[in-house]
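Geometric and topological summary
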Amino acid sequence: MDVLVAMRTFRRVVERDSFSLAAVDLGQSTAAVSKQVRQLEERLGSLLLLRTTRRMSLSEAGQAYFSECCHLLDELDALERATQVGASEPSGRLRVNAPLSFGLKVLSPILVAFMQRYPELKVELTLNDRLLDVISEGFDVSLRIRRRLPDSSLIARRLGEVQQVICAAPAYLLAKGTPHRVEDLRAHSCLAYRLAEYPDSWHLQGPQGISRLELPVRLAVDNSLMLSDMLLAGLGIGALPSFIAQPLLDSGQLLQVLCGQSMPRRSIYALYTSQRHMPQKVRVFVDFLADALETLPLMNTPTAASCTAGLGGA
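Calculation notes
- Residues numbered from 1 in each chain as written.
- Predicted model: local features only at pLDDT ≥ 70, side-chain atom pairs only at ≥ 80, totals over all residues.
- Heavy atoms only, no water.
- UniProt positions renumbered as here; feature names shortened; annotations may be inferred.
- Axes fitted to C-alpha atoms, helices over the stretch in contact; angles between N-to-C directions.
- Helix = DSSP H or I, 4+ residues; strand = E, 2+ residues; numbered from the N terminus.
- Parallel < 35°, antiparallel > 145°, perpendicular 65-115°, else oblique.
- Left-handed = near helix turned anticlockwise from the far one by under 90°.
- Contact = heavy atoms within 4.5 Å.
- Buried < 20%, exposed > 50% of the residue type's maximum accessible area, 1.4 Å probe, protein only.
- Pairing = 2+ DSSP bridges.
- Core = buried A, V, L, I, M, F, W, Y, C linked by side-chain atoms within 4.5 Å.
- Domains from an automatic or database assignment.

As annotated in an unreviewed UniProt entry, the protein carries the name LysR family transcriptional regulator and is attributed to Pseudomonas brassicae. Under the UniProt heading Sequence similarities (unreviewed entry), the note attached to the protein is "Belongs to the LysR transcriptional regulatory family."

1. Concerning the packing of helix α1 (residues 3–16) against helix α2 (residues 19–26)
To characterise two packed helices, one gives the angle between the axes of the helices and the distance between these axes. Packing of α1 against α2 brings their axes to within 8 Å, and their N-to-C directions diverge by 125°. Relative to α2, α1 is oriented oblique. α1 and α2 meet at a crossing whose hand is right-handed. Contacts between α1 and α2 pair T9, R12, V13 and R16 from the former with F19, L21, A22, D25 and L26 from the latter.

2. Let's talk about the pairing of strand β7 (residues 164–168)
Of all five residues that make up β7, five are buried, and the element is covered over most of its length. Going residue by residue along β7, you find Q164, I166 and A168 tucked away on one face and V165 and C167 tucked away on the opposite face as well. Here β7 runs beside strand β12 (residues 237–241); their pairing, made up of four bridges, is antiparallel. Bridge pairing links I166 to A239 in β12.

3. Quick word on the nonpolar core
Among the nonpolar cores identified, the biggest contains 45 residues, and F102, L143, L159, L240 and F285 are the most heavily contacted of them. Of the residues forming this core, the biggest block, eight residues, is contributed by helix α9 (residues 280–294). Among the domains, domain 2 (92–161 + 267–299) and domain 3 (163–265) are the pair contributing at least three residues each to this core. Of all hydrophobic cores here, the second largest spans 19 residues; its members include M7, A23, M56 and L73.

Given below as structure tokens:
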């Protein structure tokens, strides 16, 4: 038995909380993965994993061994990278998770350029607006757009900001009138992003300070692209991230309203597992993305020309 191989297998089983998922990641059969873990336990003379027909968990000895195992393997990987001759190209599989709308509107062209720059990397991208567990799902990097992040053991690198834009279709504003004050929104149909930190209310900063408005929500959806479709159809007023809103504002399909009010900006974060030495494939991806976002015009605040002075009644 190759002890280092068995240690890597054991680590992957724990991270994926599954023998079968670890087997897929490692390109082995489930039986082969199970055998390696069993041989490792026999070598150590200690039970590392507690198995039942329904679930699997670490024993007390397994918890201690897993922590030291991860530390040792990370140190070994870092040592190998540091002693390699020349600057080798990053290779292997990079598993990335990102929000659906951000992935389609922003990440797609960046990813094309990234893969052209690093041809030895294989990228596996999962688009999901829900916050997935980076460790248990086996991701190398998770991209998230939030006002703030919950406390966790993950490393978070801030890559940029996204402005939320309050907007509506011209046809809706002609029919229902343009709101000029925050209070006017109470007489309108509001469309909400269901996965926001506060899906039923907006926090707005204006000349009179910060206002918090409980929204009269007519429709709540969990994807910003769907929300933009509903706004274009004239169902109401809603807030879109600037990378979706700006092209629609430029074309006149949507109009910005309440231009004197701004919503709190959301930050774009790259999250990855806390370890002393960042894998080269993760480092180059995060650096590449950070550089690309700095110059992307769609991340900027919409221009004043995008704002309507008013359509329909007050």
